[in-house]
Amino acid sequence: MPPLVRDRRWWLLLLAAWAAAVVFSLSSQATQIRRQTTAIAIEGARNMFRMVLLTRNWNASHGGIYVPVTERTQPNPYLDVPFRDVTTTDGIELTMVNPAYMTRLIAEMAESASGAVFRLTSLRPIRPENEADAWEYLALQAFERGVKEVSGVEHGPDGEMLRYMAPLAVQESCLQCHRKQGYKVGDIRGGISVSQRNTPIEAAVQAAVGEARLLHAAAFVLIAVAGWLLLELLRRRWSELSGKIQELQDTQSQLLQSEKMAGIGQLAAGVAHEINNPVGFVTSNLGTLQKYSEQMIGLLERCRAGQAGEADFVAADFDFLREDLAELLRESQAGLRRVSKIVGDLKNFSHVDAAAWQQADLNAGIEATLNVLGHELGHKAEIVRELGDLPAVPCNAAQIDQVLMNLLLNAAHAIEGRGTITVRSGCADAGVWVEVCDDGSGMSPAMQEHIFEPFYTTRPVGKGAGLGLSQAYEIVSKHGGRIDVHSAPGQGSRFRVWLPLTSAVPPSSPDAG
């Protein structure tokens, strides 16, 4: 089971990562809300400026307008034009309202109605009250440099104010009042600033951010709980699966051990037969040697007693005994060497699981394997050897011998009646190969797709667990090699084992075996 699933402490890291993602998302959304709300407020100020500008242009296009003089609308002392004040025929006093004066009157009405403040200002105002404040002064200088509009939040005595300002360009109708200041058409003579309290805007931002916080908190809790429950479910399922896998591995180990024991029993029967033959004639030779020794001792006893004559030597056939004794000893020694070789080869197979990597002679391993399996293979097939010259190969020799034994036994089982098994070896493409061929029943393509799978077998139930080729494939894979299979129904099979001349697993590695 991976540590991320097994140890719940790792889940806290996932929870922390999810919390960081939620916080980042909330922060990004809050920034976006503030930006959008401010943009909407600035767009409102921009629209107010446009309406005032439109009104001023209408006024300027008519050369100013006349309105009745009231307490609130007094004659403009800064308007130096003829006929500024007139009286109607019915005695009503009228005064001219130019665009600047009208802007101031509209600003007073807007401030009382909506709280928005806008004013006309200039770097060179005619009316002293229109002198720019610090923020407006910087904005007007920016307009001189070509800036189209300026906006921002300014801290003032009445709190934070969202301010917007755009320039006013000199038009032909403006020169009636401003020509004496040296302006020309197109010059920037001032601007209109629009200010509104930032508190309602900030309140709208906080309300929207509060809703976002609630949504993010709900999403965090919901997904955190769901994720924790899913991880807990995954942990339990993985634990159950790990238990099943362990059971399967134990069962596979037991089956593999059972197959090994069955193979050992079959191998032991063949080895016993191979050993019994030389042991049998050695035993027979020893009986004959005992008989000869008794005759020789009797003859020597009579010679020592002075009772032996020429007839005794003729009866003992001394020449025959001398020749037969040498032959008996020679046969007995050969038989004992045969037994010793079988025992030595069998000993190699007792170390299949040892991690003994070495430079091995594969041809010698082939001969040893054929020697151990002599009885098992001898009654099923004729063995043909076509072994080439091979360099030493870095490998676990005992495991490779086990692969060869599995392939040879598999070939013997595929033969019905009596056939031929050919064992070849060679070297090519920076590697060596060993090939086992039989003229047995062969395999279909569908069978070849599964032959290396554990527990797959075509033999009758109880005749094998289907682990021989699977074990061979695993061993060869650990050595960095491969097994090629060529077979067809009724045409026999050919298994070729490829091994690299460069060790795939360092000899010091614990996986080398």
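As the structure is a prediction and not an experimental result, all values here were calculated from the model.

(A) Seen up close, the nonpolar core. Core analysis: the largest hydrophobic core is formed by 38 residues, its most contacted members being Leu-362, Leu-408, Ile-421, Ile-483, Phe-495 and Leu-499. Counting only elements with at least two residues in this core, the list comes to helix H9 (362-372), strand S10 (393-396), helix H11 (397-414), strand S11 (419-428), strand S12 (431-438), helix H13 (468-478), strand S13 (482-487) and strand S14 (493-500). No other element matches the ten residues that H11 contributes to this core. Non-local contacts of Leu-408, meaning those with residues more than four positions away in its chain, are made with Thr-369, Leu-370, Leu-373, Leu-377, Ile-421, Val-423 and Val-436. Formed by 16 residues, the second largest nonpolar core is a distinct cluster that contains Ala-110, Ile-192, Val-194 and Ile-201.

(B) Highlighting the pairing of S13. Only one face of S13 is buried: it carries Ile-483, Val-485 and Ser-487, and the other face, with Arg-482, Asp-484 and His-486, is open. Note: S13 against S14, six bridges, orientation antiparallel. Within S14, the residue paired with His-486 across the bridge is Arg-494. In textbook terms, the turn of a hairpin is the stretch between consecutive antiparallel strands, and for S13 and S14 this stretch comprises five residues, one of which, Gly-490, has a positive phi near 80 degrees.

(C) Region of the structure containing the packing of aromatic side chains. Here the structure, examined in full by the defined rule, presents three aromatic pairs. Between the aromatic rings of Trp-18 and Phe-220, the centroid separation amounts to 6.5 Å while the plane-to-plane angle is 10 degrees, which identifies the pairing as stacked. With Trp-18 in helix H2 (residues 9-61) and Phe-220 in helix H6 (residues 199-304), this pair connects stretches of sequence that are 202 residues apart. Taking relative accessible area as the criterion, Phe-220 reaches 25% and is therefore assigned partly exposed. It is Arg-496 that lies over the ring of Trp-433; its NZ or CZ is 3.8 Å from the centre.

(D) The arrangement of the environment of Thr-70 in detail. Tracing the backbone shows Thr-70 in the loop between strand S1 (65-68) and strand S2 (85-87). Residues Thr-70 and Leu-94 lie 24 residues apart in sequence; the distance between their C-alpha atoms is 9.1 Å.

(E) Representation of the packing of H9 against H11 in the model. Viewed as axis vectors pointing N to C, H9 and H11 meet at an angle of 50 degrees, and their least axial separation amounts to 10 Å. It follows from the interaxial angle that H9 and H11 lie oblique. Remark: the crossing between H9 and H11 carries right-handed chirality. Contact residues: Leu-362, Gly-365, Ile-366, Thr-369 and Leu-370 in H9; Ile-400, Asp-401, Leu-404, Met-405 and Leu-408 in H11. A breakdown of the residues in the contact of H9 with H11 according to their chemical character gives seven nonpolar, two polar and one charged.

(F) Up close: the pattern of salt bridges. Taken as a whole and judged by the stated rule, the model has 19 salt bridges. The salt bridge involving Arg-237 is made with Glu-240; its shortest N-O contact spans 3.9 Å. Here Glu-240 and Arg-237 lie together in helix H6, a separation of three residues that amounts to about one turn.

(G) Here's a closer look at the sheet that holds S2. One open sheet accounts for three strands, arranged S1-S3-S2; its pairing is antiparallel. The strands lining the two open edges of the sheet, one partner per strand, are S1 and S2. Taking the axes of each pair of neighbouring strands and ignoring which way they run, one obtains an average angle of 35 degrees across the sheet. Bridge count for S1 against strand S3 (residues 93-97) is four bridges, and the pairing is antiparallel. Across the sheet, Pro-68 pairs through a bridge with Leu-94, a residue of S3.

(H) Quick look at the confidence of the model for the protein chain. Confidence in the prediction of the protein chain, expressed as mean pLDDT, is 79, and 77% of residues score 70 or more. Under a pLDDT of 50 for its full length, residues 507-513 has, in the predicted model, twelve contacts with residues more than four places off or in other chains.

(I) Main features of the sheet that holds strand S4 (residues 117-121). Read from one edge of the open sheet, four strands run S4-S7-S6-S5, paired in antiparallel fashion. With partners counted over all chains shown, the strands left at the sheet margins are S4 and strand S5 (150-156), one partner each. Strand-to-strand twist in this sheet, taken as the mean axis angle between neighbours without regard to direction, amounts to 25 degrees. Relative to the sheet, H2 contacts S4, S5, strand S6 (159-169) and strand S7 (188-197), its axis offset from that of S6 by approximately 40 degrees. Docked against the sheet, helix H4 (residues 134-144) engages S4, S5, S6 and S7, running at close to 35 degrees with respect to S6.

(J) The arrangement of the environment of Val-81 in detail. Along the chain, Val-81 falls in the loop between S1 and S2. Taking C-alpha positions, Val-81 is 9.2 Å from Met-96, a pair spaced 15 residues apart along the chain.

(K) Molecular detail of unusual backbone geometry. The backbone of Phe-83 shows a phi angle near 55 degrees, a positive value even though the residue is not glycine. Structurally, Phe-83 can be placed in the loop between S1 and S2.

(L) Summary view of H13. Taken together, the buried positions of H13 are Gly-468, Leu-469, Ser-470, Gln-471, Ala-472, Ile-475 and Val-476. Phi for Gly-480, located one or two positions after H13, is positive at around 75 degrees.

(M) The side chain of Glu-435, seen in detail. Following the sequence through the fold, Glu-435 ends up in strand S12. Residue Glu-435 is classed as buried on the basis of its relative accessible area, which comes to 2%. A polar atom in the side chain of Glu-435 sits 2.8 Å from the side chain of Arg-496. Not counting residues up to four positions away in its chain, the partners in contact with Glu-435 are Thr-422, Val-423, Arg-424, Arg-494, Phe-495 and Arg-496.

Reading the values: the criteria
- Counting starts from 1 at the beginning of each chain's written sequence and moves along it residue by residue.
- This being a predicted model, a pLDDT of at least 70 is required before a residue's local features are given, and a value of 80 or more before pairs of side-chain atoms are given or counted; all residues contribute to the totals for chains, interfaces and linings.
- The side-chain numbers reported here are obtained from all heavy atoms of the structure, hydrogens and water having been left aside.
- Among buried residues, those of type Ala, Val, Leu, Ile, Met, Phe, Trp, Tyr and Cys that are joined through side-chain atoms within 4.5 Å constitute a nonpolar core.
- Each residue's exposure class comes from its accessible area (1.4 Å probe, protein chains only) as a fraction of the maximum for that residue type: buried when under 20%, exposed when over 50%, partly exposed otherwise.
- Helix and strand definitions here come from DSSP, where helices need a minimum of 4 consecutive H or I residues and strands a minimum of 2 consecutive E residues; each element is numbered from the N-terminal end.
- The contact definition used throughout considers only heavy atoms, calling two residues in contact when any of these lie within 4.5 Å.
- Two strands qualify as a pair provided DSSP detects at least 2 bridges between them.
- Only Phe, Tyr and Trp rings take part, Trp by its six-membered ring, and two of them pair if their centres are within 6.5 Å. Stacked means planes under 30 degrees apart, edge-to-face means over 60, and tilted covers everything else.
- Working rule: Lys NZ or Arg CZ, within 6 Å of ring centre, within 35 degrees of ring normal, means a charge sits over the ring.
- Only C-alpha atoms enter the line fits that serve as axes; for helices the fit covers just the stretch in contact. Angles between N-to-C directions range over 0 to 180 degrees.
- Any angle from 65 to 115 degrees is called roughly perpendicular, while one under 35 is roughly parallel, one over 145 is roughly antiparallel, and all others are oblique.
- The sense of a crossing depends on the near helix, which, turned anticlockwise from the far helix by less than a right angle, makes the crossing left-handed and, turned clockwise, makes it right-handed.
- Residues were grouped as follows: Ala, Val, Leu, Ile, Met, Phe, Trp, Tyr, Cys and Pro as nonpolar; Asp, Glu, Lys and Arg as charged; and all remaining residues, including Gly, as polar.
- Whenever a carboxyl oxygen of Asp or Glu lies within 4 Å of a side-chain nitrogen of Lys or Arg, that contact is scored as a salt bridge.
- Every residue gets a pLDDT, meaning the predictor's confidence in that residue, from 0 to 100.
- Residues adjacent in sequence count toward polar contacts only when both atoms are side-chain atoms; beyond that, a polar contact is any pair of N or O atoms within 3.5 Å, and within protein one must be able to donate a hydrogen and the other to accept it.

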